[in-house]
Amino acid sequence: MSNEAPVYGGQALLEGVMFGGKDHTVTAIRRNDNSIEYYYAKKQKKPIFQKLKKIPFVRGVIALIESSGLGAKHLQFASERYDVNPGEEEENEAETSKLQMILGVAVVGVLSFLFGKFIFTLVPVFLANLFSPWISGKYPQIFLETGFKLILLLGYLYVISMTPLIKRVFQYHGAEHKVINCYEAGMDLTVENVQKQSRLHYRCGSSFILFTVIIGMFVYFFFPTDPLWLRVVIRILLIPVVLGISFEVLQGTNALRNIPVLRYLGYPGLWLQLLTTKEPKDDMVEVAIASFNKLHEVEKNPEVAMELHHD
């Protein structure tokens with residue numbers, strides 16, 4: 001494929017997949033009656049964000065904020081409809097939380113992302129500090145903190161992957177990657193072609209999460225670990241720094257994935273995807289293909305979006 005070919009990203013949802021391009025995002029979900037339903041949202045390009053996204057190490061944080069807010073809208077659509085019989089949506093939508101009504105779905109999505117990041121950043125700090133009487137010193141404490149962070153991350157992903165609902169989400173995650181890989185390979189998007197592809201992808205958000213752990217460890221080497229209150233403050237202040245650097249590393253590993261030897265830089269992220277993706281069933285692949293094809297329809301003719309569910 002040409003280097004000028006558009007880059008697409010996606011997100012697995014409850015019984016569906018969202019795909020996004022430069023200006024548009026489309027979700028397809030499987031309803032109870034086996035039909036496929038779509039949701040559309042246009043990417044909002046705020047001038048200040050567009051300027052910040054041109055700055056290396058800053059653009060990653062902005063991209064994450066935008067994707068978290070936009071992804072929350074698609075997630076809400078899927079969660080309100082995936083297990084509801086067609087025609088009963090209004091009753092289910094009336095149960096929207098008061099927090100979402102006050103702040104809006106996009107804001108709640110961003111807050112949820114930041115809250116999760118705070119938890120996975122700070123809990124390992126306190127756990128490592130508990131062992132300070134036996135394992136002291138700046139570097140041993142940072143290694144211990146990183147170890148706890150990895151254990152929490154892998155343990156959390158393993159536990160939730162055992163639940164039937166999340167297992168299906170991870171299967172849709174695999175379907176999303178397979179569709180992207182099939183498209184980037186220049187092949188027709190048929191169920192047979194898509195199922196032949198790998199369920200792993202270099203640009204995956206799962207890889208990004210792991211990179212934040214590894215990059216964070218190296219960044220922390222330049223800052224003190226004592227006293228504890230200062231360590232906590234530094235970790236909080238460094239969250240956007242770690243996110244920004246990790247984003248650039250993720251982009252770099254994707255750019256180098258076809259170069260021998262250097263392609264291995266992205267392998268740790270791919271290994272983590274063995275937990276966050278599962279092999280999808282054919283009907284799941286059908287939904288992912290439908291989402292991707294509908295996005296292409298919208299890109300060619302934006303008026304198609306008016307026929308889909310949208311805000």
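Below, the structure is looked at part by part.

Conventions we followed
Residues numbered from 1 in each chain as written. Predicted model: local features only at pLDDT ≥ 70, side-chain atom pairs only at ≥ 80, totals over all residues. Heavy atoms only, no water. Salt bridge = Lys/Arg side-chain N within 4 Å of Asp/Glu carboxyl O. Buried < 20%, exposed > 50% of the residue type's maximum accessible area, 1.4 Å probe, protein only. Helix = DSSP H or I, 4+ residues; strand = E, 2+ residues; numbered from the N terminus. Expected span 1.5 Å × (residues − 1). Bend = angle between axes of the 7 residues up to and from the residue. Pairing = 2+ DSSP bridges. Contact = heavy atoms within 4.5 Å. Axes fitted to C-alpha atoms, helices over the stretch in contact; angles between N-to-C directions.

Comments concerning the pattern of salt bridges
Counted according to the given criterion, the structure contains 12 salt bridges. For K196, the salt bridge is made with E192, and the minimal N-O distance between the two is 4.0 Å. The burial state of K196 is the same as that of E192; both residues are exposed. Linked by salt bridges that have partners in common, R31, E37 and R81 make up one network.

Topic: helix α10 (residues 228–255)
In a regular helix each residue adds 1.5 Å, so 28 residues correspond to 40 Å; α10 covers 39 Å between its end C-alpha atoms and thus fits that length. Considering bend angle alone, the principal kink of α10 is centred on L238 and spans about 45 degrees; proline P240 follows within four residues of it.

Some words on the sheet that holds strand β4 (residues 36–42)
As summarised here, the arrangement of the five strands in space is β1-β2-β3-β4-β5, forming an open sheet in which the pairing is mixed. Edge positions in the sheet fall to β1 (9–13) and β5 (309–310), since each of these pairs with one other strand and no more. Strand direction decides the pairing type here: strand β2 (residues 16–20) and strand β3 (residues 24–30), joined by five bridges, are antiparallel. The residue bridging G20 from the neighbouring strand is T25, located in β3. Its contacts with the sheet place helix α7 (residues 164–184) against β1, β2 and β3, and it is angled at close to 160 degrees to β1.

These figures come from the coordinates and say nothing about function on their own.
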